[in-house]
Amino acid sequence: MASKAWQHPYVNIFKHFKVEEWKKSAKEGEVSTFRDKLLKCPVFRISGLTPENSFILIPKNTNQSLELTGHFFYLLFRPSAGKYFLVHTDVASREGQIVRISFSNMFREFKSTPTWLQFPFVCGAAKDSVYDRTAKSAKHGLVGRAPSSVRWTCVMLDLQYILSVYLNCNYSHLKSVKLCANMDVKNIFTSDLLLDPGVSFMEAKQMGLSFLQGTGPIPREMSFPVPKGAYWHDLYDHIKFPSDGTKLPYDSIQKENSDPETRSTSKQKVPVRGDSRCVDLSKPVKDRVSLIQQIISPKLPTRNQTPVVSSIPEVGVVSSHPKDWLVHNDFQESTSSNSQQQTHSSDVTDGGIHVYVHSVDGLSIHGDESEEEELVCSPVPQPVSLTLSKGFKQQKLLPDPILRLNRIIGLGGATTKHALWTKSASEVVYPCHAIIVSMKISSHQQRFFIGHTDKVSALTFNGSTTVLASAQTGNNSVVRVWDYNSGNCLAMFRNHAHSLSCLSFSSGGAILCGVGKDVHNKTLVVVWNTLNIRKGGEVTVLAKAHTEVDISTMKIAFFDDTRMVSCGRDNIRLWRIRNGTLRSCPVDLGEYRSLDFSDVTFEEGNAPHKHVDDRTLFASSRSGHIFEIDYSRVSVKNVRRLLPAQQQHAGRREKWTFNTGPGIAVNSISVSSSFCATGSDDGFLRLWPLDFSAVFLEAEHEGPVSMVSVSVDSQKVLAVTSTGNLGFLDVSSRGFNTLMRSHTDAVLGFSVDGIRRHLTTASADGTLRIWNMDSLNQLFDFASEDSPCSVSFHPHEQTFCCGFTSGVVRVFDISNAKLLAEHRLHRGDVIGLAFSPDGDFMFSADSRGSLALYDASEEDHTVIRVVCNVVAPGTERAPDALTVSSDSRFLAFVGPSQYIVTIADAQSLDELLHVDVSILDVESPQLDVALKVCFSPASTGHLLIATSANKILWVCTKTGRLLREVSNVHKHQCSSLSVNEDSRFLLTAGHNTVKVWDYNLPLHNNSQMFIGHSQPIRQVGFTPDQMGVVSVGDAIFLWDFLANPRDASSCLKTSHISSQKADTNVNTVRLSSGMPRQTAPLPSSPPNLDVSSINRDEPSGSFSIWEHRQEKPEFPLNHSDSRPAVSFLRVTDMDNNPSTHTAELRQNKAVRPDCYKHFIPRLKTSSLDQTVVPPQPQEEAIKLKAVIGYNGNGRNNMVWSPDQGLFAYSCGCVVVVEYLHTGSQRHLQGHTEEISCLAITNDAQIIASAAASSDGSLICIWDVQSGACSRTISYHRGAVQSLAFSRDDRFFLSIGDFSEPGLALWSSKNFHLLSSAEVSEPIHDAAFSPFTADQMACVGSQGVYFCVIHTQGQEVDLKIQRMSAPAEVGDVELTALCYHMDSFLFTSTNRGHVCAWDTNTQACVLIWEADDGEIGVLLCRENRLFAGSNTRRVRVWDVGAMQTIKSKEKVCSLDDRKETVSVEHEVMLDGTTVSAAFDYTMDMGIVGTTAGTLWYINWSDNSTIRLVSGHKAKVNDAVFSFDESHFATCSEDGSLRVWTTYSYELVVQFQVLNQACGCVCWSPASIKDHTRVAAGYGDGTLRIFQLASTEMEIKMHPHQVAVTAIQYSAFGHVIVSAGRNGLVAVSSPTDGATLRLIRDHKGATITTVQCVNEQCKKFGLEGNEMWLAASADRRVSVWAADWTKEKCDLLDWLSFPAPAPSQDDSLPPSIAAFSPEDHSLVVYTGYGAEKELLFYSLSKKQIIKKISLPHWASCMSLSSKSQLVAVGSEGRVLKLIKSTSGMFQDFCQHSDSLQTCHFSPSGALLFSVAFNEILLWEVQGL
């Protein structure tokens, strides 16, 4: 059977082997024949109680083989009704392995071993039977007994596909078939053709199909008869595996969907088209349909074109729909215009898995990923009726394979103890993670042995080095045996050990021994028989044994296959196999039995006259002892100890004896006939004579030598180090040759210099290396204290930049090997680095959200701009978080949140476009997250986005339109993207695989997948010359890219028939609801981000993603698919173009409404420490005295009672109650999160406040008189938007935010829930009628809700009537409301309109445009209407003439407004209006704005007064003046404010535009003239302001970076300031001159500077004051100074050790301060081994006290009395500590992490600051 031509086109197995004669086949049990009435031919029946006991076996002798090479296996059978059946097929692989493939309806789930695959079989049933309907309703087949209506079935198995995908091996031939009960079987046959039983020969001829094309009908002798007029699929089942049918359980064999919607229902040779129905579609839907059709619609063939099918390769990519030719039948155009046509979805598959055994013969193994990896383009709901024209050719990606693995830079992975010489010593074999590499030492050419799925843990050769064995680590540990010369895997078998650590082949290759650990972690030794492995024989276990002793090395004796020796901790043992038993005996070690033995080897030589027992054994130990062991006596013959060369110490020499001195820790030993080689921990490879008298040759390495091996000819010695170096020592020339250097940990990122072919890599091992891509030589190794995490080469220069985990960005010049620039702008890990392609700019981003722009044209790479909080936080997008367009104009990145992708101007970092990807998949329960972004080089208008839902999105960079979408790109999330230079190929990485795609994404198989990595791939990319691909993860993989990048025709080839192209005038697509969506859905889960506009107060439009067209689409009705036909991206136009418009589909997701009125909590990264224990009442050491500021982010969070003179407002999580008559404050403390809104009863006795949390909103009810929280209630899961009390205070109303819109009505008596109602759209505001107790109203996205409360006894019912907004105002949000008189309701819109409604008729009677922007606050008193908007304008309208229009039947036009209403007052404030309260006549009131200000307004005299002021932006510092009469605060918005301590009123504000004010200090009391305030700014400037004149006195510029700390000297002679770069400047406050620049802290941000008055003589230095500086690198410098004498000397330098931080750690600041009571004591806290306060004595030069902390400190201050220390933390806790006793108290009145705290000079007051919340405490003492 040497020739296989006889097997084409098929083999009828029953006929060829004459089954009925039972000579070449066998039967067992109940096997009979009968004539089947339906098939009209004899068939076999196999029956029996137990399937395994009745069967037909072919061939009869199990030692024989069918040798059938056809990889398609066909079985024509019918399962017996109500019973089980079983089929076994034994298949041989090219690697010599026999695999059993079984399927049965007994199997409940798929099971797999290396030699057996078990697939569940799902039996089909007659159409419309009970079983068939049950299976449909269950959405899957039912595994179990065959149904009563089971039908004759044709089963096709693709054996090549199954072996490739499930076992990663090559199909060779079918060995045997075993058909077990219970079934009827007609025949079985094999073929290399993809045959369809449902197509007759006549139909195939009409369609032009033939066997020459690889397709065709089933031969007549094996076909099922079909009566005239009947349809094959109505009588029989056709089951294919692999199949695209829905499978449950997964990997099951079952029938595909045969519903009429997916196939023709009559025996016509082609499907026919149905009449389309004309239905009007909205324009956006038409546009969406048009583009979807172009991207993903099936393309139909022309009738007269001859189909062409490329030959199926011997080893090729197998489609998940192998019957590709059937697409022609499904998509062929009907000749009858009146007939019905149903279209199939085109078959779409993923690419093949390519594995290269070695690069010489190019052998590749292909296979598909699982169905989860299937390529899916945005589907159009079926059925779809399209008008089709113009031909289209279905294409696939060529050449195949398109990548070839060329080189790997890497070594080890699981171990560095295994590397082997070949017998000729011309090649070296070593493991590199999951791949075994064979390298020629002369040319460094590599070839690869690929097949392991985890890291290789052991290697061994037989004596002739023709057979190689390898083992992998992990739970799925397997052993593979390879033919070394061909690279083929001869056998693969599981071992009995959990993980093998050692393998040893016998010299002849007949015995293989392995050592590992079993599941109980006991040492297990297994011996296998591999004698016949090269002949295809099986591997059997000869013996195995468990042992309690430790075994590190075990070797089979080269002179006797039955003898072995092992060594380990405390033992050396001799082993022998006898009668199938493995036995051992220990060597008597005597006094050396406690040594740790590392290696063992036999003496060289195999003289035939030498007896076995005369052999000598050598063993090495980690103590330096070398043992010679007498093999026959099992005892030690000689012991030597290797000692390092002795050194002279201080003029004397100490004699080392045998048992003293540090011995050489030997890790490996190898003996030749003339010398012995050792490798040791000291990094030396040493060669010794056999008597070990002295070293005659040695080579020093960078790390411990873990393995040595002498070649067979004794001319070369191979050495491997634990630091990843591989090389050999040439004994004759005494030269050492390095073969491979490698990283010792994961490679995090890379960059390629295309001009010089250099590759730079950053690794988790902390090294930064540069490689030559041609020779693989390591050129440079840059060492640093911190770890590199991202790299990027300059596109032209020989320079590259590197980002580190510390946030440092360094630029290196390779030609001169020097550091060009170093920038410390970032606070977190640098997750992205990029140069613009023109080389003019450089960009960097960090894990804390900041983005930096540099001038790359200058050598020092000057910083141009730094922007904070624009990049999504986290390290998961490293190392390529940034991408620059090929024209160097645009920069793209994910941020400011993980849901948003931003496109910015590359020269200024100005944001141009925001794209929200979280709303794309309406069916997904989770929000989609953007992971990676990549510009297309040739198509600059394309931005590719990889998302967490395993999708790739093509987005237009100009408009943000979604151009294309691909789903299920990888099994796991895509970790890297790259597009080649001409944008014809796309490269993706997901988990351990690399995929190459055709960029244009045709419908059919257009990708190829490549494996080899054993760990997730971190980055992948094309080389600049487009001839290669680099992928990094566990190692560095260099691939050859085989496609010609300049030949557009080389990548795609016609594989089969053409089809008609869809007409651009599409007549398609029915939406599930039939209506277009009005608003765009946005993410509802935190973080809640404003995605509609960069400035929420500024209105901004959003684009729909399709243009308007005039065609009216026609489409058939389809209610079966509820999935929306299209998905849209939310896009933000940064230019705020007023012509933008929205046309989007309504989706069932929480959508943040497009209006500022709706409350959105400020994004916080901190959470409250749950372990806080507050102090007992009346025992607090500090008492809250005042709250500075007002939360302008709240909504309706200010209330005022004019009668009682009481008003309340919120700041953070505190409610501040002020009595205007006395000016005193009370504080209601009970919330832990930001308060959103407030409400007060009409009698001003109760205040209600609401704040959201992760567990739902909490509403607190406060008793005003006592200040106590009388009750807490909770109902809404999201934030609370509005609160209100009824006129008679009987009812209390709460409104939920957009995440769960609804209202809850409560009893004000006991605050029990009376009634609730849910609505579909957000509600923005609510109010009770002040005239009718049972009426209230709400406004929101869908209009106005009129509510009536019906009370019957204890039951309360709400009746709600919704009225839409008037058509005259357009599509708007109703944002605010208020009642007027007893019959009118005013509502406002987000476009500035005010609508007046008649509450009796619920009709709108008047509309006028009251403002240019959104109106968020309405109040009506008598005939005055107050309106506050986001234009900062507030107006009062006279609405007294409203009664005159009450009787009008229609809405007054906008022109009628002048006759009815008019503006009475108008004023401009400092921000958007968010709250307001006025007296009953509207003469005076209080208005709150987003700027954090509460304004008192008096209309009678048109005056406005700041009642409460606060910061809107983050407060960076707050300090007291020396006399405590004032305090100063500074913030990120550049404002410096001075307040009075007594009244907390704002005295003066100094504003610097476009610069953050980072620090502030007061002039000391020693300056007798006017008091001054000095501040440091983000541009490096210092400004001194004089309070008396309220003017800036002087401006200095001593720094080039942001100023982080500033302090007047103790006597005011100088100002000491520090910058972010670690430089400290001493400046004159009089003339601004920089007197001194101190560089000791350079490179680390200075966090603290403090100056004190202290005589320094006691420390041995001159000076009358001391000062200190603390930097982020945990260093504190203390200085003695006398500025009048220009003296400044270093007194002490403190450096505090700390462990290396993890990659994701956000390190706390380093803070230091002098003790106020003893300036010789320095208190320090910061990152270290422990969380603690350290008290360091300058006199004793040591730490004298430690106080442990539960959390890292974010700020610290020391009190001048009572020895108190205030410490703030990220957990929102202010901790007050008594330094003498360690007693402490916790206070948690802040809603965010604390960033600063300061005691007043006297220690009586204390400031604490969290974001913009400033709390002033009165210190009472612990």
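Numbering of residues starts from 1 in every chain and runs along the sequence as written. Residue-level local features of this predicted model are given only where pLDDT is at least 70; pairs of side-chain atoms are given and counted only at 80 or more, and the full residue set underlies all totals for whole chains, interfaces and linings. Side-chain figures throughout are based on the complete set of non-hydrogen atoms in the structure, without hydrogens or water.

A. A look at the overall build of the protein. Comment: elements are numbered from the N terminus, with helices defined as DSSP H or I runs of at least four residues and strands as E runs of at least two. In terms of helices and strands, the protein carries seven helices and 134 strands. Buried positions account for 61% of the 1822 residues belonging to the protein. Every residue pair with non-hydrogen atoms within 4.5 Å of one another is taken to be in contact. Restricting to contacts in the protein with at least 6 residues of sequence separation, those with at least 24 account for 55%. Buried means the residue's accessible area, taken with a 1.4 Å probe over protein chains only, is under 20% of the maximum for its type, while exposed means over 50%, and partly exposed covers the values in between.

B. Representation of the side chain of His 794 within the structure. When you line up the elements, His 794 lands in the loop between strand S54 (788–793) and strand S55 (799–804). On the basis of relative accessibility, which here comes to 6%, the residue His 794 falls in the buried class. Nitrogen and oxygen atoms within 3.5 Å of one another constitute a polar contact, given that in protein one can donate a hydrogen and the other can accept it, and given that sequence-neighbouring residues count only through two side-chain atoms. One polar contact links the side chain of His 794 to the main-chain amide nitrogen of Glu 797, over a distance of 3.0 Å. Residues contacting His 794, with those up to four places away along its chain left out, are Thr 799, Phe 800, Phe 835, Gly 839 and Ala 856.

C. Region of the structure containing the sheet that holds strand S44 (residues 684–689). Taken together, the four strands give an open sheet; going across it, the order is S42-S43-S44-S45, and neighbouring strands pair in antiparallel fashion. Across the chains shown, the open sheet's two edge strands, defined by having one partner strand only, are strand S42 (666–671) and strand S45 (697–700). For this sheet the average axis-to-axis angle between neighbouring strands, irrespective of direction, equals 15°. Paired strands, as defined in this entry, are two strands with at least two bridges between them according to DSSP. Judged from the five bridges that link them, strand S43 (residues 675–680) and S44 form a sheet pairing that is antiparallel. When the bridges of S44 are listed, Thr 678 appears paired with Arg 686. Whenever a helix is involved, its axis is fitted only over the stretch in contact; in every case the axis is a line through C-alpha atoms, and angles between N-to-C directions fall within 0 to 180 degrees.

D. Inspection of the packing of aromatic side chains at higher detail. For this analysis, a ring pair means two rings from Phe, Tyr or Trp (six-membered ring only for Trp) whose centres lie within 6.5 Å, classed as stacked if their planes differ by under 30 degrees, edge-to-face if by over 60, and tilted for the remaining angles. Scanning the entire structure with this criterion turns up 61 aromatic pairs. Taken together, the ring pairs in this structure connect Phe 780, Phe 782, Phe 793, Phe 800 and Phe 812 into an aromatic cluster. Only when the NZ atom of a Lys or the CZ atom of an Arg is both within 6 Å of the ring centre and within 35 degrees of the ring normal do we say a charge sits over the ring. The ring of Tyr 1577 has Arg 1583 lying over it, and the distance from NZ or CZ to the ring centre is 4.7 Å.

E. Structural detail: the pattern of salt bridges. By definition, a salt bridge exists where a carboxyl oxygen of Asp or Glu is found within 4 Å of a side-chain nitrogen of Lys or Arg. Enumeration over the complete set of coordinates arrives at 45 salt bridges. The salt bridge partner of Lys 522 is Glu 548, with a shortest N-O separation of 3.7 Å. Of this pair, Lys 522 sits in the loop between strand S31 (511–517) and strand S32 (523–529) while Glu 548 sits in the loop between strand S33 (540–547) and strand S34 (553–556), and the two are 26 residues apart along the sequence. A relative accessible area of 68% places Glu 548 in the exposed class. Between Glu 822 and Arg 824 there is a salt bridge whose closest N-O contact spans 3.6 Å. Taking the relative accessible area as the measure of exposure, Arg 824 reaches 26% and is therefore partly exposed.

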